[in-house]
Amino acid sequence: MTDNNPLKNIRIEYHILQSFPVTCLNRDDVGAPKTAVVGGSTRARVSSQCWKRPVRLALHDFGIKLAMRTKKVDEVIHKACVEHGATEEQAQVCGEAIAKALTKDTLHFFTQREAEAFADFAREKGFDADQIKEKEIHKLAKKSINPALDGIDIALFGRMVAQAAELNIEAACSFAHAISTHRVANEVEFFTALDDLQDGPGSAHMGSLEFNSATYYRYISLDLGQLWETLNGQSLPETLDAFTKALYVAIPSARQTTQSGASPWAFARVLVRKGQRLQAPFETAVKSRDGGFLQPSIEALSAYLEKQEKLAGSLFGKIADYSFGADESFSIDHLATELSRHAEVPNG
């Protein structure tokens, strides 16, 4: 980060508790809900990747123009070249040449602005693929990308380009795997299906699906300094508002038609801090009290954060502390507005 970065080393940390009934939010290779052993007990788990994608896609609903993450780089550039005057044959060979300079059968994260710049470059070369050099494409990509315009998701989630390290962009946010705060055992649902046209009684199909139910702890850290650097100080409050709301509404899509999981946040502690990131481990599984895990989870999370603040002393670096879920007059809109203020940088 540059020395004049006004948000250097400032991060927002979302500590979220979210309870789900019968669900399979994230499946493993045999279709069972993912789990992990934490503190000697089996917990339900949702991988960071599983929650990142719905958060990223939800950003669009809050006014963020998304970049593209695809293996079909050649097709995107092909289309852009045609729009810039190339024949179909020229567009195909140029699209393949430019795509080859950026990726070899891996997902590439890039913006429409970059695609347009590549097509314009190809036009300058007379749509002659032999005149398109890999190093020139790398330089053009670095020059033409502006995440604040059409790639804020790249700024948030980062980009790695194996063929050109200079095109890498450090992610501003980091997601932990969501884990249940308590011990969980997967269960099995046995189901049958009937044939509308069958003549006799009985099932036409039988099967089984695994599921669980859990109160999850989610930890997300957003580095405002890194975000400021990648976006060059542009659109930070708007980005933070959209990101907070996307975190609130986004839910993994697995089995939503048969085991709907549509539960919003139950509770959250959101800290604005300087210094080292701090994630609650929930190493000791909480036990159900008064019929549920949520309240003891809230108490365990709050107690852990308060203890760590005392132990860290001046190194805790707390700037602000917000609680969501207890006060019904403090909505997600209020939280997003309050957090956005921390991304406002005075002119000059």
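Peer 1: Tell me about helix α4 (residues 112-124), and please be specific about residues and values.
Peer 2: Within an α-helix, residues lying three or four positions from one another point in the same direction, as the helix has 3.6 residues per turn. With 13 residues, α4 should cover 18 Å at 1.5 Å per step; its first-to-last C-alpha distance of 19 Å lies within 8% of that length. Residues Glu114, Ala115, Ala117, Phe118, Ala119, Phe121 and Ala122 constitute the buried set of α4. On its buried face, α4 is in contact with α2 (73-83), α3 (88-102), β5 (108-110) and α5 (134-144). Of the residues flanking the end of α4, it is glycine 126, one or two places downstream, whose phi is positive at about 70 degrees.

Peer 1: Any chance you could break down the packing of α3 against α5 for me, citing the residues and the numbers?
Peer 2: One can describe the packing of α3 onto α5 by two numbers: an axis separation of 9 Å at closest approach and a directional angle of 75 degrees. By the angle between their axes, α3 is roughly perpendicular relative to α5. For the pair α3 and α5, contact is made by Ile98, Lys100, Ala101 and Leu102 and by Glu134, Ile137 and His138, respectively. Residues of the contact of α3 with α5, tallied by class, amount to four nonpolar, one polar and two charged.

Peer 1: Residues and numbers for unusual backbone geometry, please.
Peer 2: The phi torsion at phenylalanine 127 lies on the positive side, around 55 degrees, for a residue other than glycine. Structurally, the position occupied by phenylalanine 127 is in the loop between α4 and α5. Its relative accessible area of 9% is what places phenylalanine 127 among the buried residues. Non-glycine residue asparagine 232 carries a positive phi angle of around 55 degrees. For asparagine 232, the location among the structural elements is in the loop between α8 (224-230) and α9 (236-249). Residue classification places asparagine 232 among the exposed positions, given a relative accessible area of 57%.

Peer 1: Quick one: what's the story with the nonpolar core, residue by residue and with numbers?
Peer 2: For soluble globular proteins, nonpolar side chains are generally found buried alongside one another. Grouped together as the largest cluster of nonpolar side chains are 52 residues, with contacts concentrated most on Tyr14 and Phe243. The element that contributes the greatest number of residues to this core is α9, accounting for six residues. With residues near it in sequence (within four places) discarded, tyrosine 14 still touches Arg218, Tyr219, Ile220, Leu240, Phe243, Thr244, Leu247, Trp265, Arg269, Val270 and Leu339. With 27 residues, the next largest nonpolar core counts Cys94, Ala99, Ala117 and Ala122 among its residues.

Peer 1: Give me the packing of α2 against α3: which residues, what numbers.
Peer 2: Their axes nearest at 8 Å, the elements α2 and α3 cross at an angle of 135 degrees. Between α2 and α3, the interaxial angle falls into the category oblique. For the pair α2 and α3, the sense of crossing is right-handed. Contacts between α2 and α3 involve Val73, Asp74, Ile77, His78, Cys81 and Val82 from the first element and Glu88, Ala91, Gln92, Cys94, Gly95, Glu96, Ile98, Ala99 and Leu102 from the second. Residues that form the contact of α2 with α3 fall into these classes: nine nonpolar, three polar and three charged.

Calculation notes
Residues numbered from 1 in each chain as written. Predicted model: local features only at pLDDT ≥ 70, side-chain atom pairs only at ≥ 80, totals over all residues. Heavy atoms only, no water. Helix = DSSP H or I, 4+ residues; strand = E, 2+ residues; numbered from the N terminus. Expected span 1.5 Å × (residues − 1). Buried < 20%, exposed > 50% of the residue type's maximum accessible area, 1.4 Å probe, protein only. Contact = heavy atoms within 4.5 Å. Axes fitted to C-alpha atoms, helices over the stretch in contact; angles between N-to-C directions. Parallel < 35°, antiparallel > 145°, perpendicular 65-115°, else oblique. Nonpolar A, V, L, I, M, F, W, Y, C, P; charged D, E, K, R; others polar. Core = buried A, V, L, I, M, F, W, Y, C linked by side-chain atoms within 4.5 Å. Left-handed = near helix turned anticlockwise from the far one by under 90°.

Interpretation in functional terms is not warranted from these geometric data alone.
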